[in-house]
Amino acid sequence: METTDRYRVATRMIAAIGLVSLVAACSGDGGATGGGGASGYPDENITFVVPFSAGGPTDTVTRMIAEPMAAKLGAKIVVQNVEGAGGTVGAGEVARAEPDGYTVLMHHIGMSTAPALYKNLGYQPLEDFETIGLVTEVPMTVVARKDFPPATLPDLVTHVKANANKVTLANAGIGAASHLCGLLFQSATGVKLQEVPYQGTGPALTDLVGGQVDFMCDQTTNTSGQISAGEVKAYAVTTPERVRSLPDLPTTAEAGLPQLQVSVWHGLYVPADTPQEVVQKLSEALKVALADQAVIDQMAKLGTAPVPAEAATPQAHRTKLEEQLGTWAKVIADAGVKAS
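In what follows, the accompanying structure is described. (Residues numbered from 1 in each chain as written. Predicted model: local features only at pLDDT ≥ 70, side-chain atom pairs only at ≥ 80, totals over all residues. Heavy atoms only, no water.)

**Section: unusual backbone geometry**
Where the residue is not glycine, phi is negative for most of them; where a peptide bond is considered, it is trans in most cases. This is how the line gets drawn: By definition, any uninterrupted DSSP run of H or I lasting at least four residues is a helix, any uninterrupted run of E lasting at least two residues is a strand, and each is numbered from the N terminus.
Between Y41 and the following residue, P42, the backbone shows a cis peptide bond with an omega angle of -5 degrees. One can find P42 in the loop between helix 2 (20-27) and strand 1 (46-50). The backbone of D273 sits at a positive phi, close to 75 degrees, despite the residue not being glycine. By the secondary structure assignment, D273 is in the loop between strand 9 (263-271) and helix 11 (276-290).

**A few points about the pattern of salt bridges**
The criterion, for reference: Basic side-chain nitrogens of Lys or Arg form a salt bridge, by our definition, when they fall within 4 Å of a carboxyl oxygen of Asp or Glu. The cut-offs for exposure are 20% and 50% of the maximum accessible area for each residue type, with area from a 1.4 Å probe on protein chains only; residues under the lower value are buried, those over the upper are exposed, and the others partly exposed.
Tallied over the entire structure, the rule returns nine salt bridges. The closest approach of N and O atoms between R145 and D214, which form a salt bridge, is 2.8 Å. With a gap of 69 residues between them, R145 in strand 4 (residues 129-145) and D214 in the loop between helix 9 (201-209) and strand 7 (215-219) connect regions that are remote in the sequence. Assigned by exposure class, R145 and D214 land together as buried. Through salt bridges that share partners, R145, D147 and D214 make up one connected network.

**Looking at the pairing of strand 9**
As a reminder, the rule being used: Pairing between strands requires that DSSP locate at least two bridges from one strand to the other.
With eight of its nine residues buried, strand 9 lies for the most part within the structure. Two strands pair when backbone bridges link them, and strand 3 (residues 103-107) and strand 9 are joined in this way by three bridges, in the antiparallel orientation. Its bridge partner being in strand 9, M106 is matched across the sheet by L268. Bridge count between strand 4 and strand 9: nine bridges; the pairing is antiparallel. Note that in strand 9 the partner of T136 across the bridge is H266.

**Brief notes about helix 4 (residues 88-95)**
Condition: Throughout, a contact is declared for two residues whenever any of their heavy atoms are within 4.5 Å.
For helix 4, the set of buried residues is T88, G90, A91, G92 and V94. Packing partners of the buried residues in helix 4 comprise strand 1, strand 3, helix 5 (110-117), strand 4 and strand 9.

**Digging into the side chain of H108**
Looking at the element boundaries, H108 is found in the loop between strand 3 and helix 5. With a relative accessible area of 3%, H108 lands in the buried category. When near neighbours in sequence (up to four residues on either side) are disregarded, H108 contacts F52, T58, G175, A176, A177, Q219, V264, W265 and H266.

**Details of the packing of aromatic side chains**
Convention followed: To pair, rings of Phe, Tyr and Trp, with the six-membered ring standing in for Trp, must have centres within 6.5 Å; the planes then decide the type, stacked if under 30 degrees apart, edge-to-face if over 60, and tilted in the middle.
Tallied over the entire structure, the rule returns five aromatic pairs. Ring geometry for Y41 against Y102: centres 5.1 Å apart, planes inclined by 65 degrees, an arrangement best described as edge-to-face. Taken together, the residues Y41 in the loop between helix 2 and strand 1 and Y102 in the loop between helix 4 and strand 3 connect sequence positions 61 residues apart. Across the pair, exposure class does not vary: Y41 and Y102 are buried alike. Between F129 and Y269, the ring centres sit 5.8 Å apart and the planes meet at 70 degrees, which makes this aromatic pair edge-to-face. Highlighted residues: F129 in strand 4 and Y269 in strand 9, separated in sequence by 140 residues. Look at F129 and you get buried, because its relative accessible area is 2%.

**Structural notes on helix 10 (residues 220-228)**
Listed in full, the buried residues belonging to helix 10 are T220, T221, N222, T223, S224 and I227. Next to the buried residues of helix 10 lie helix 3 (57-73), strand 4, helix 9, strand 7, strand 8 (232-237) and helix 12 (293-301). Once helix 10 ends, the next one or two residues include G230, with phi positive near 75 degrees.

**Description of the environment of T304**
What counts, and what does not: Polar contacts here mean pairs of N or O atoms no more than 3.5 Å apart (in protein, one a potential hydrogen donor and the other a potential acceptor; neighbouring residues in sequence count only if both atoms are side-chain atoms).
By the element assignment, T304 lies in the loop between helix 12 and helix 13 (314-335). In sequence terms T304 and V61 are 243 residues apart; their C-alpha atoms lie 10.0 Å from each other. If sequence neighbours within four positions are ignored, T304 has contacts with T136, E137, V138, P139, T220, T221 and M299. Here the side chain of T304 touches T136 through a polar contact of 2.6 Å, side chain to side chain. Reaching out from T304, the side chain makes a polar contact with the backbone oxygen of E137 at a distance of 3.1 Å.

If you want it as structure tokens, here you go:
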């Protein structure tokens, strides 16, 4: 056990039997509690766990808000990528972490799909986490290698129907946002394609740019740069309205495939039983970060925007999670998809 962990456990035991004066004497800070005490939170580094690869869209969003949140909290935030199994490895680690606010999870829509995908998940989103607040809802784009023959979304649909056994559809792994969007595409077109899963969106997009796979769905936070640079061919955005940073890209409805509509929402979580004072401090820091002009500008360049302040709250986040759990349970059951 690390020295800081032993100190935190010791101070909690001392406080539990009421020896407050002894805590003050040991800490030398005039009576403030140690690392795990809510009243002194935070007094050490906070780890933000991203359950996907570095450079991917969820990682990008996390790093955008980490600095202004750290400034508000008065503590350093360290971003740690713990990828694997569609985000469930990193989420599981956070679920089992000490509920003291020093281990925070940034997750996306995959938090609401994992229970339907994984038989032995190891955690339950509503029971094992406290919600902090929503961060952003990111549109997705349908993109392909730049030399892929179809020129438009209708052309793409025609092409995949005629070449279903040859076309490759990349994703960031079962349960990832790109996988879910791919499921909806196949459902909307009535075609079963050869799916190529990767360990994260970054590697998948790299192979798409390199021409190793044919097409995929991915978040604008990850594709806007490549689309603008002409490194990939873009067909549509999967939201009801066009994206400001990609004004020439039609919506799926405009392009004739209205069934393909999905956005990827992100939110922050801490382990269940984290003190409410800590939850509120994190939520208030999140609101400050989402109002930061630099964050707003960075998100705009990537085709998204911070959620309104009223959505960056624990209750609004929990309500969204509850609704999405029901929605995706049906979609996944209908697709007959299960993760190992």
